[in-house]
Amino acid sequence: MIIPAQLNQLDEIVEIENSSFEKPWKRSQLMDDIRNHIDSENWVFVQDEKVVGYIFGWIIQKEFHLHNIAVHPNYLRKKIGRKLINHIISRVVDQKVNVILLEVSVNNVSARKCYQSLGFVEVGMRKDYYSKGDDAILYNLEIN
Ligand SMILES: CC(C)(COP(=O)(O)OP(=O)(O)OC[C@H]1O[C@@H](n2cnc3c(N)ncnc32)[C@H](O)[C@@H]1OP(=O)(O)O)[C@@H](O)C(=O)NCCC(=O)NCCS
């Protein structure tokens, strides 16, 4: 079940965030995004009565900027990431958005495969974008 992210789910979201990223978002950043829900789309995937994944992003004019997506390590490869992205597509397509944009580390193979399997196209690269010196790959998905 995919439902809007709520502040009372923050502990579960932070736990997934911390176990998914070397440089996780701070709790305060996640909280700000949940609070600021005008022009943002923040959703969680709930299974077994727990938050097992989430997707956060902002609508900026006709673009959706996908800022954060993660699935709990025990729930990977169960199509949850794909369902979260498809949910966002169905939400933003009605809000006149015509492209979804994101960036991901060149070394994040699972995320890159996930995006590619959904039709995202590589449109550029930012050198040394991440703290470890990894490059970022920019992906777009045209939706309208
Ligand atoms: C990226 C992420 C959200 C994908 O979530 P997921 O629920 O495991 O992915 P799905 O089960 O929906 O997979 C969809 C497709 O992505 C690809 N994929 C996902 N994980 C993969 C992996 N480890 N290896 C290869 N392909 C993978 C496959 O094509 C898969 O389709 P298939 O299972 O039919 O082969 C998840 O790996 C994650 O949370 N990673 C840590 C956080 C992160 O890196 N987020 C992205 C930051 S930009």
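Note that the coordinates shown come from a computational prediction; the quantities given were computed from them, not determined experimentally.

> Any chance you could explain the overall build of the chain here in plain terms?
When helices and strands are counted, the chain shows four helices and seven strands. If you line up the chain on its principal axes, its C-alpha atoms span 40 × 35 × 30 Å. Here the chain, with 144 residues, has 42% of them falling under the buried criterion. Across the chain, contacts joining residues at least 24 apart in sequence account for 57% of those joining residues at least 6 apart. Distance between charge centres in the chain, computed from 18 positive and 19 negative side chains, equals 5 Å.

> Just checking my understanding: could you explain the site of the ligand for this structure?
Every one of the 21 residues lining the ligand counts as a neighbour, but V71, R77, K79, G81 and N108 are closest to it. Relative to its unbound accessible area of 910 Å², the ligand is 79% covered by the protein chains. Among the cavities detected, the one that contains the ligand is the largest pocket. Counting only elements with at least two residues in the shell around the ligand, the list comes to β4 (63-71), α3 (80-93), β5 (99-105) and α4 (109-117). Top contributing element to the shell around the ligand by residue count: α4, with six residues. Along the lines of polarity and charge, the residues of the shell around the ligand split into 10 nonpolar, five polar and six charged.

> Which parts of the structure should I look at to understand the nonpolar core?
Side chains of nonpolar character tend, in soluble globular proteins, to be buried together. Formed by 28 residues in total, the largest nonpolar core has its most connected members in I85, I100, Y115 and F120. Looking at this core element by element, the count peaks at six residues for α3. Excluding residues within four positions of it along the chain, Y115 makes contact with I69, I85, L102, V104, F120 and Y139. A5, I13, V44 and Y54 belong to the second largest nonpolar core, which has 13 residues in total.

> Help me understand the sheet that holds strand β7 (residues 136-142) in this model?
Paired through their backbone hydrogen bonds, the strands of a sheet run either parallel or antiparallel. The seven strands are arranged β1-β2-β3-β4-β5-β7-β6 in an open sheet whose pairing can be described as mixed. The open sheet has two edge strands with one neighbour each: β1 (2-4) and β6 (121-126). On average, each strand axis in the sheet is inclined to that of its neighbour by 30 degrees, with strand direction left out of account. Bridging between strand β3 (residues 50-60) and β4 involves eight bridges; their strand directions are antiparallel. What sits directly across from I59, in β4, is F64. In the packing of α3 onto the sheet, contacts are made with β1, β2 (40-47), β3, β4, β5 and β7, and the angle to β2 comes to roughly 145 degrees. Along the sheet, α4 contacts β4, β5, β6 and β7; its crossing angle with β5, the most-contacted strand, is approximately 160 degrees.

> Which parts of the structure should I look at to understand the pattern of salt bridges?
When the charged atoms of two side chains with opposite charge come close together, those side chains can pair. Considering all chains together, one arrives at five salt bridges under this definition. Here R91 ties to E41 by a salt bridge, and the two come within 2.8 Å at their closest N and O atoms. A residue pair is termed long-range when its members are at least 10 positions apart, and R91 in helix α3 and E41 in strand β2 qualify at 50 residues. Judged by relative accessible area, E41 falls into the buried class, the value being 4%. Close ionic contact of D135 with K127 constitutes a salt bridge, the shortest N to O distance being 3.4 Å. Its relative accessible area of 13% is what places D135 among the buried residues.

Reading the values: rules and limits
- Residues numbered from 1 in each chain as written.
- Predicted model: local features only at pLDDT ≥ 70, side-chain atom pairs only at ≥ 80, totals over all residues.
- Heavy atoms only, no water.
- Helix = DSSP H or I, 4+ residues; strand = E, 2+ residues; numbered from the N terminus.
- Buried < 20%, exposed > 50% of the residue type's maximum accessible area, 1.4 Å probe, protein only.
- Contact = heavy atoms within 4.5 Å.
- Lys, Arg positive; Asp, Glu negative; His and termini not counted.
- Charge placed at Lys NZ, Arg CZ, Asp CG, Glu CD.
- Near = heavy atom within 4 Å.
- Areas by Shrake-Rupley, 256 points an atom, 1.4 Å probe, with all protein chains shown as cover.
- 1 Å grid on protein atoms, 1.4 Å probe; cavity = no way out; pocket = protein on both sides within 12 Å on 5 of 7 lines; lining within 4 Å.
- Sits in = over half its atoms within 2 Å of the grid points.
- Nonpolar A, V, L, I, M, F, W, Y, C, P; charged D, E, K, R; others polar.
- Core = buried A, V, L, I, M, F, W, Y, C linked by side-chain atoms within 4.5 Å.
- Pairing = 2+ DSSP bridges.
- Axes fitted to C-alpha atoms, helices over the stretch in contact; angles between N-to-C directions.
- Salt bridge = Lys/Arg side-chain N within 4 Å of Asp/Glu carboxyl O.

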